[in-house]
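# Structural overview for review
Residues per chain are reported as follows:
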Amino acid sequence: MKRHPALIPLSLDHHDALVLAQGLILGRSKAPRSDWPTSRTAQIKRVVGFFTETLQPHFKAEETWVFPGAVRFLQDGPALVQNLISEHEQIRGLIRGLEQNPTINLETRLPTLGRLLETHIRTEERVLFESMQRELPIADLEALGAQLARLPARGPSCRAHYDSPDNTDARSKRSADCNNF
Ligand SMILES: [Fe+2]
Ligand SMILES: [Fe+2]
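Fair warning: this is a prediction, and the values are worked out from it, not measured in the lab.

Thresholds, definitions, all that
- Residues numbered from 1 in each chain as written.
- Chains lettered and ligands numbered in written order.
- Predicted model: local features only at pLDDT ≥ 70, side-chain atom pairs only at ≥ 80, totals over all residues.
- Helix = DSSP H or I, 4+ residues; strand = E, 2+ residues; numbered from the N terminus.
- Contact = placed C-beta atoms within 7 Å.
- Axes fitted to C-alpha atoms, helices over the stretch in contact; angles between N-to-C directions.
- Parallel < 35°, antiparallel > 145°, perpendicular 65-115°, else oblique.
- Left-handed = near helix turned anticlockwise from the far one by under 90°.
- Nonpolar A, V, L, I, M, F, W, Y, C, P; charged D, E, K, R; others polar.
- Expected span 1.5 Å × (residues − 1).
- Buried ≥ 20, exposed ≤ 12 C-beta atoms within 10 Å, placed from the backbone.
- pLDDT = per-residue confidence, 0-100.
- Bend = angle between axes of the 7 residues up to and from the residue.

Here we come to the overall build of the protein. If you tally the helices and strands in the protein, you get six helices and zero strands. What you see in the protein, going N to C, is helices and strands ordered as α-α-α-α-α-α. Contacts in the protein between residues at least 24 apart in sequence constitute 74% of all its contacts with a sequence separation of at least 6.

Glancing now at the environment of F59. If you trace the backbone, F59 turns up in helix α2 (residues 40-73). As a C-alpha pair, F59 and H88 span 29 residues in sequence and 7.0 Å in three-dimensional space.

Relative to each other, helix α1 (residues 8-26) and helix α4 (residues 106-135) sit at 150 degrees, their axes nearing to 8 Å. In terms of axis orientation, α1 runs roughly antiparallel to α4. In this structure, α1 meets α4 at a crossing whose hand is left-handed. Of the residues in α4, those touching α1 at S11, H14, A17, L18, A21, Q22, L24 and I25 are L110, P111, L113, G114, R115, L117, E118, I121, E124 and E125. The class makeup of the residues in the contact of α1 with α4 is 10 nonpolar, four polar and four charged.

This part takes up the packing of helix α3 (residues 77-100) against α4. Across the interface, α3 lies against α4 with an axial gap of 10 Å and an inter-helix angle of 155 degrees. Here α4 runs roughly antiparallel to α3, going by the angle between their axes. For α3 against α4, the interelement crossing comes out left-handed. Mapping the contact onto sequence places L80, L84, E87, Q90, I91, L94 and L98 in α3 and R109, T112, L113, L116, L117, H120, T123, E124, V127 and L128 in α4. Here the residues of the contact of α3 with α4 are counted per class, giving 10 nonpolar, four polar and three charged.

A separate point is α3. The first and last C-alpha atoms of α3 sit 34 Å apart over 24 residues, in line with the 34 Å expected at 1.5 Å per residue. Along α3, the positions that sit buried rather than exposed are V81, L84, I95 and L98. Residues of α3 that are buried make contact with α2 and α4.

Overall, the prediction assigns the protein a mean pLDDT of 87, with 85% of residues at 70 or greater. Counting contacts from residues 158-181, a segment whose pLDDT is below 50, to residues more than four positions away or on other chains yields 33 contacts.

The next subject is α2. Three- or four-residue spacings in an α-helix give side chains the same orientation, since the helix completes a turn every 3.6 residues. Its 34 residues give α2 an end-to-end C-alpha distance of only 42 Å, which falls more than 12% under 50 Å, the value for a rise of 1.5 Å per residue. Of all the bends in α2, the largest measures some 50 degrees and sits at F51. Of all the residues in α2, the buried ones are Q43, I44, V47, F50, F51, L55, H58, F59, E62, V66, F67 and A70. Those residues of α2 that are buried are in contact with α1, α3, α4 and α5 (138-149).

As a further point, take the environment of I25. By the element assignment, I25 lies in helix α1. Given 16 C-beta atoms within 10 Å, I25 falls into the partly exposed group. Spatially, the C-alpha atom of I25 lies 9.1 Å from that of E107, the residues being 82 residues apart in sequence. Other than its neighbours up to four places away in sequence, I25 contacts P111, G114 and R115.

What follows concerns unusual backbone geometry. A positive phi is found at N105, a non-glycine position, where the angle reads about 60 degrees. Topologically, N105 is positioned in the loop between α3 and α4. Given 10 C-beta atoms within a 10 Å radius, N105 is considered exposed.

So, in C-alpha cells, the structure goes:
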C-alpha cells in the first residue's frame, strides 16, 4: 500500500535509519559512493549524531502523536505500541551505552543496534503504518499529518527525491542516490 501523505515525514526518517542500520550490520556501506566510515569507532560518532538530530525527535513524535492514535483505533494497538515503546527504550539504551563506553565489543554491539533498528522500523512500516492508514478515521489521520508536518526539517538527507508521494519510483531513486550513510 502506498504510504499516506500524513505519515511520509516519518517514513523519510525510516529510510535514513534503515540505511544507517545496514551500515551498522554489515560494517560497511553497499553504496559505492558512500562516505560511511569502516572504522567502528567512527561509526559510533555517526550513530550518535543521527540519534540526536533525527531519531530522538522521531521517537518523541511517534510517542506523542502516533502511538496514542494507534492505541485508540487499532484492534491490536495497545500490545503493538507497548512493544514499539519498549524497542525505543532498548535503542535509546544501546546508544547511551555506546556514548558511555565507545570501545568494548563494538563488532557485536553495533550490529545488534542495527538489527534492532531494522526490525523496529520494519514493524512500524509494515504493521503500524499500514494498519493506521487503513483503519484510522480520515479526520484523525489528517490531524496527525498536520502535526507531523510541523516537525523541523532534518539533514543530511536525500529527501528531495522523495517529496512526491505519488512518485512510486521515489523510494528506490532516493535510496540509490543517498550516500550519507
Ligand atoms: Fe519508532
Ligand atoms: Fe519510527
